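# Chain and residue survey
Single-letter residue listing:
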Amino acid sequence: MNISGKTKLLGLIGNPVEHSFSPFIHNMFAQELGIDSVYTTFKVENGELGNAIKGAKALNIQGMNVTVPYKMDVLAYMDEVDSLAEHIGAMNTIVRRDNKFIGYNTDALGLKGSLEHEGVNLKGESVLIIGAGGAARAVAVMCADAGAKLIAITNRTMEKAEALASYIDERYEVETVALDLELVRAGEGSLMESLKIAFQTTSVGMSPNIDADPLEDSHYYDYVKVAVDLIYNPTTTKFMEKASAKGAKAISGLGMLYFQAVKAYELWNDVVIPETVLNKCYKAFFEKMAR
Ligand code: NAP
């Protein structure tokens, strides 16, 4: 890495940011693509978000990622917001264009990229979303956008599942239904059998509670064909283990994490990362995470 006065500065704002893998990914892209950019993290204390954005703009920072807890609040500081981010109500990427800060949601684009990489197409599919928090909303919007036929949502707090189902219903043609978590845990009925793709979007099963899974001993594991967990630590969750033991294809949140970075780096630099570089960096990232 050869930093000079011309080096493009990119970074991550959030709190905490110390354990982020984004510097590893973005600096690897810079090196592999021969782009003169450097990516680092900026811890932003509670109440300082507005100052941080203003400062980033004044300092001519070319692109930023935004993480917990600012993915929603940061929308208010953008000059423009991409329609996908607007529908999701959250964003994770700032792109500087003509001196304007434009907000994008590359989490949703990243999940889409990860599914494409795995050969999974959502068009005409009936899907189950477990969880109804911020990540679930991004998944639901992405599924609706990608032409899913039916989106079923289940959550510990049923009201939130219902609210998310209505939110999607009001904006998209797709059929939506909120399901009681106990019913899903029982896993019986023809509707459950038809939900071939499942997205696990809760924090249940995340390290250190790696033996937990939100569906417990559900019969649903007999029906699911593609089980996507948004959790990336551990790289293989109990949810993924149970689904693959029954023959499903299990996909880790690591892919989503990687491809959200791909989409952000492409936006910041107005490039399309070639497949050879994409695959080489994907392998390096997965190897690093497996260590
Ligand atoms: P969030 O808004 O706080 O939502 C958390 C969800 O988990 C809610 O549905 C919550 O249910 C449920 N939940 C939490 N504890 C539970 C428990 N003990 N039993 C059952 N349900 C429980 O969080 P988020 O931003 O959506 O993030 C959720 C997960 O997605 C995290 O693990 C995060 O790391 C992951 N994620 C991954 C990526 C990626 O790039 N791979 C990107 C974004 C997020 P209630 O509504 O009942 O509280």
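Located above this text is the structure these notes cover.
What this report covers is the structure whose coordinates are included nearby. (Residues numbered from 1 in each chain as written. Predicted model: local features only at pLDDT ≥ 70, side-chain atom pairs only at ≥ 80, totals over all residues. Heavy atoms only, no water.)

### Quick word on the environment of Glu159
What counts is decided by this rule: Each helix is a run of DSSP H or I of at least 4 residues and each strand a run of E of at least 2, with the numbering of both proceeding from the N terminus. For every residue, the accessible area obtained with a 1.4 Å probe (protein chains only) is divided by the maximum for its type, and the residue is called buried under 20%, exposed over 50%, and partly exposed between those limits.
Note that Glu159 resides in helix 6 (residues 158-171). Given a relative accessible area of 55%, Glu159 falls into the exposed group. For the pair Glu159 and Ala132, spaced 27 residues apart in the sequence, the C-alpha separation amounts to 9.3 Å.

### Let's talk about the environment of Met142
Rules: Contacts are assigned to residue pairs that have any heavy atoms within 4.5 Å of one another.
With respect to the helices and strands, the residue Met142 is situated in helix 5 (residues 134-145). A sequence separation of 34 residues divides Met142 from Ala108, and the C-alpha atoms of the two residues are 5.9 Å apart. Ignoring any residue separated from it by four or fewer positions in sequence, one finds Met142 in contact with Ala108, Leu111, Lys112, Leu115, Leu122 and Phe199.

### Examining the packing of aromatic side chains
How two aromatic rings sit relative to each other is set out by the distance from centre to centre and by the angle between their planes. Just so we agree on the cut-off: Here the aromatic set is Phe, Tyr and Trp, taking the six-membered ring for Trp, and pairing holds for ring centres within 6.5 Å; pairs whose planes are under 30 degrees apart are stacked, those over 60 apart are edge-to-face, and all others are tilted. Our definition puts a charge over a ring when NZ of Lys or CZ of Arg is within 6 Å of the ring centre and also within 35 degrees of the ring normal.
One pass over the structure, following the stated rule, counts 10 aromatic pairs. Ring geometry for Phe259 and Tyr282: centres 5.9 Å apart, planes at 45 degrees, overall tilted. Of the two residues, Phe259 is situated in helix 10 (residues 253-269) and Tyr282 in helix 11 (residues 275-290); the sequence distance between them amounts to 23 residues. Its relative accessible area of 4% is what places Phe259 among the buried residues. These aromatic residues form a ring-pair network of at least three members: Phe29, Tyr258, Phe259, Tyr265, Tyr282, Phe285 and Phe286. Its guanidinium or amino end placed over the ring of Phe101, Lys57 lies 5.7 Å from that ring's centre, counting from NZ or CZ. Residue placement shows Arg171 over the ring face of Tyr167; its charged tip is 3.6 Å from the ring centre.

### As for the sheet that holds strand 7 (residues 126-130)
We count it as follows: Note on pairing: two strands pair once DSSP finds at least 2 bridges between them. All axes here are fitted lines through C-alpha atoms, helices being fitted over the stretch that makes contact, and every angle between N-to-C directions spans 0 to 180 degrees.
The strand order across the open sheet formed by 6 strands is 9-8-7-10-11-12, and the pairing between neighbours is parallel. Edge strands, defined here as strands with exactly one partner in the open sheet, are strand 9 (175-180) and strand 12 (249-251). In this sheet, adjacent strand axes meet at a mean angle of 20 degrees when their direction is disregarded. Pairing analysis gives 3 bridges linking strand 11 (residues 226-229) to strand 12, with the strands arranged parallel. Counted as the bridge partner of Ala227 is Ala250 from strand 12. Taken strand by strand, helix 6 contacts strand 8 (150-155) and strand 9, and its axis lies near 180 degrees from that of strand 9.

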